[in-house]
Amino acid sequence: SQTIHQWPATLVQPVGSPLSLECTVEGTSNPNLYWYRQAAGRGLQLLFYSVGIGQISSEVPQNLSASRPQDRQFILSSKKLLLSDSGFYLCAWSAEQSGGEKLFFGSGTQLSVL
Amino acid sequence: SQQGEEDPQALSIQEGENATMNCSYKTSINNLQWYRQNSGRGLVHLILIRSNEREKHSGRLRVTLDTSKKSSSLLITASRAADTASYFCATDEDYKLSFGAGTTVTVRA
């Protein structure tokens, strides 16, 4: 069966520090991978998605970047965090290459930038 | 990008009652999905309804889709305390899903 792992669960970082959030998927190959951010009490904002190794599409210009060094690994990074980067970050994957099919979400990372 | 909008924003009901929430969207879709999120957790897929379907059932869930009105509804029958969560609709656009702000449902015992 397929599983998705996302870590850490909670992170408190000072402004200006770097960030690295990692997400891995098991039990499937060539998934579509996604990073979403959720502000408190709000909906999800798509940040990045990837349909293959090294292929990253950015949805919103921002202080973050994403990389996909391996088929089932998706990393969200920042060189210098801003206060506005605080939020709940969710990684997700889907199996269908045509897109638009159901997403499987990780358990999320609560990031607080102080 | 296209985004569904749920209504109401919040809903409080007694255990055993039905809960209904609505989703409106703006452009043509291939499918519409509903997800549930418990506080502080990831989203869980509930049901997917395709644009050529009008109604779909899954256990105590009933979803309708009216493409002429660009709207969908999610009905939870005989609610339980465990149904307390936020519910989101999502519409597809290429490889991506766009989510609304959600409806927060509280089921009182």
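Refer to the structure printed above.
The rules behind each value
- Residues numbered from 1 in each chain as written.
- Chains lettered and ligands numbered in written order.
- Predicted model: local features only at pLDDT ≥ 70, side-chain atom pairs only at ≥ 80, totals over all residues.
- Heavy atoms only, no water.
- Helix = DSSP H or I, 4+ residues; strand = E, 2+ residues; numbered from the N terminus.
- Contact = heavy atoms within 4.5 Å.
- Buried area = accessible area lost by both parts, 1.4 Å probe.
- Salt bridge = Lys/Arg side-chain N within 4 Å of Asp/Glu carboxyl O.
- Polar contact = N/O pair within 3.5 Å; in protein donor to acceptor, adjacent residues only side chain to side chain.

**Q** Run through the environment of Ala78(B), naming residues and quoting values.
**A** Residue and element names in this part refer to chain B. Within the secondary structure, Ala 78 sits in the loop between β8 (71-76) and β9 (85-93). In this structure, the C-alpha to C-alpha distance between Ala 78 and Arg 62, residues 16 residues apart in sequence, is 12 Å. In this view, Ala 78 contacts Gly 16, Glu 17, Asn 18 and Arg 60; residues no more than four positions away in its chain are not counted.

**Q** Account for the side chain of Asp83(B), with residues named and values stated.
**A** Looking at where Asp83(B) falls in the secondary structure, it is placed in the loop between β8 and β9. Apart from the residues lying within four places of it in its own chain, the contact partners of Asp83(B) are Arg60(B), Ile76(B), Val105(B) and Val107(B).

**Q** So what's going on with the interface of chain A and chain B? Which residues, and what values?
**A** Contact with chain A, which involves 23 residues of that partner, is made by 21 residues of chain B. Between chain A and chain B, the buried area comes to about 1700 Å², and carbon and sulfur atoms account for 55% of it. At the junction of chain A with chain B, the criterion picks out two salt bridges. Arg50(B) is the partner of Glu101(A) in a salt bridge, and the nearest nitrogen-oxygen pair spans 3.3 Å. Taken together, the links from chain A to chain B amount to five residue pairs in polar contact (both at pLDDT 80 or more). Where the side of chain A that touches chain B is concerned, the elements lending two or more residues are β4 (32-38), β5 (44-52) and β9 (87-94) of chain A.

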